[in-house]
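The lines below spell out each chain.
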Amino acid sequence: MKKYLVIGNPVEHSLSPKLHNYWLKENNIDAVYEKKQIEESNIQGIISEIKNGKIEGINITVPFKKSVIPFLDELEYLAKKTQSVNTIYKKENKIVGDNTDVLGFKYALQHIKYKVKGKKIFILGAGGVTSSIIFALEQMEASTIMLSNRTKEKAESLKKKYPYLDLINWGDIKNFDMIINATSLGLKENDKIPINYNKIGSEKFFYDLIYNPKKTNFLLEAEKHGHRIENGKLMFLYQAQSAFEMWTGFQPPINTKVLQLLEND
Ligand code: ATR
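Since the structure is predicted, the reported quantities are computational estimates derived from the model, not experimental observations. (Residues numbered from 1 in each chain as written. Predicted model: local features only at pLDDT ≥ 70, side-chain atom pairs only at ≥ 80, totals over all residues. Heavy atoms only, no water.)

**Comments concerning the nonpolar core**
Phase 1 of the analysis: Counting residues in each nonpolar core, the largest one holds 57 residues, and the members touching the most others are Phe105, Leu109, Ile123, Leu137, Ile180 and Tyr207.
Phase 2 of the analysis: Each of domain 1 (2-99 + 237-252) and domain 2 (103-233) accounts for three or more of the residues forming this core.
Phase 3 of the analysis: Sequence-distant contacts of leucine 137, that is, excluding residues within four places in its chain, are made with Phe105, Val116, Ile121, Ile123, Ala142, Ile145 and Ile180.
Phase 4 of the analysis: Listed in part, the 18 residues of the second largest apolar core include Ile7, Ile50, Ile55 and Ile58. (Core = buried A, V, L, I, M, F, W, Y, C linked by side-chain atoms within 4.5 Å. Buried < 20%, exposed > 50% of the residue type's maximum accessible area, 1.4 Å probe, protein only. Domains from an automatic or database assignment. Contact = heavy atoms within 4.5 Å.)

**Some points on the sheet that holds strand β5 (residues 87-91)**
Phase 1 of the analysis: Judged by pairing direction, the sheet is mixed, and its 6 strands sit side by side in the order β2-β1-β3-β5-β6-β4 without closing on themselves. Of all strands in the sheet, those with a lone pairing partner are β2 (31-37) and β4 (74-75), marking the two edges.
Phase 2 of the analysis: With 7 bridges connecting them, strand β1 (residues 2-8) and β2 associate as parallel partners. Counted as the bridge partner of tyrosine 4 is tyrosine 33 from β2.
Phase 3 of the analysis: Most of the contacts of helix α2 (residues 43-51) go to β5, to which it runs at about 40 degrees, and overall it touches β1, β2, β3 (57-60), β5 and β6 (94-98).
Phase 4 of the analysis: Running over the sheet, helix α8 (residues 233-248) touches β1, β2, β3, β5 and β6 and is turned about 10 degrees from β5. (Pairing = 2+ DSSP bridges. Helix = DSSP H or I, 4+ residues; strand = E, 2+ residues; numbered from the N terminus. Axes fitted to C-alpha atoms, helices over the stretch in contact; angles between N-to-C directions.)

**A few points about the packing of helix α1 (residues 16-26) against α8**
Phase 1 of the analysis: Here α1 crosses α8 at 45 degrees, and the two axes come no closer than 11 Å. In this view, α1 runs oblique relative to α8, as classed from their interaxial angle. In this structure, the crossing between α1 and α8 has a hand that is right-handed. Across the interface between the two elements, Ser16, Leu19, His20, Trp23 and Leu24 of α1 pack against Phe236, Leu237, Ala240, Gln241, Phe244 and Trp247 of α8.
Phase 2 of the analysis: Classifying every residue of the contact of α1 with α8 by side-chain character gives 8 nonpolar, 3 polar and no charged. (Parallel < 35°, antiparallel > 145°, perpendicular 65-115°, else oblique. Left-handed = near helix turned anticlockwise from the far one by under 90°. Nonpolar A, V, L, I, M, F, W, Y, C, P; charged D, E, K, R; others polar.)

**Things to note about the site of the ligand**
Phase 1 of the analysis: For the ligand, the set of nearby residues contains 14 residues, the closest of which are Gly128, Asn149, Arg150, Thr151 and Lys154.
Phase 2 of the analysis: Here glycine 128 contributes a backbone N or O atom positioned 2.9 Å from an oxygen atom of the ligand.
Phase 3 of the analysis: Between threonine 151 and the ligand, the recorded distance is 2.4 Å, taken from a side-chain N or O atom to an oxygen atom.
Phase 4 of the analysis: Protein contact buries 73% of the 620 Å² of open area that the ligand shows by itself.
Phase 5 of the analysis: Of the residues contributing to the shell around the ligand, the split by class is 5 nonpolar, 7 polar and 2 charged. (Near = heavy atom within 4 Å. Polar contact = N/O pair within 3.5 Å; in protein donor to acceptor, adjacent residues only side chain to side chain. Areas by Shrake-Rupley, 256 points an atom, 1.4 Å probe, with all protein chains shown as cover.)

**Here's the deal with the sheet that holds strand β7 (residues 120-124)**
Phase 1 of the analysis: The strand order across the open sheet formed by 6 strands is β9-β8-β7-β10-β11-β12, and the pairing between neighbours is parallel. In the strand order of this sheet, the two ends are held by β9 (166-167) and β12 (228-230), each with one partner.
Phase 2 of the analysis: Pairing between β7 and strand β8 (residues 144-148): 5 bridges, direction parallel. What sits directly across from isoleucine 123, in β8, is leucine 147.

Structure representation (structure tokens):
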């Protein structure tokens, strides 16, 4: 039986196994998708299992999207651009790293018909997924991309790659159309992001990459102030859809059945 895997730390919260196992079954593919919490020192060993055919494909989640890169033979275009890998497979005996977060984010916004073109976007966080978000926003022709991170050096390092970024001090706010939480703040119930909601105008769009919990404090507070909100569930679904297609050749539909599958998690 073929085997797929998501690796990360922590990885307990990941809904990838549930989703991919559902799609494998729907498409009559004799395979299983598992999750595995690993340490950085385990990366090389696990990737070698793709080479020797024990594992078909791997998804990478926090905090290893960058640290897997030295162990790969090739990077596809988006992985190279963003220096972030979330999907790995074997092609002509080479281990290839790809990135489906960029497409996942774009398709999620298309799904809800939000147009980024000409909009001012404010990103919070400069962790592993942020370069994918910036690249997607660039492709969708945002007019301005502002970035704020608690640790300034990480934001400055992203600015080297994306010189048009407007860096904002952590805790400060500037006029925006859409604000994106790309930090891990919100995963825990008491997590709060230090932004002053009274300094933000009306009818803004608050987007949280976190989908579990469904509504972080960031989104709950925004909703109270009458802003539009969206969590990261659709992005999660679309990045998984692209990975599944790369591995199997099948593109599973994102429909109400799939949305319901994850509804109670
Ligand atoms: P990594 O930084 O290893 O890539 P990540 O989960 O992808 O991990 O990113 C975590 C993000 O959440 C970072 O932007 C981090 O900010 P720092 O770069 O300053 O660490 C942010 N983050 C996590 N906890 C935070 C907190 N308590 N306050 C502010 N930002 C926080």
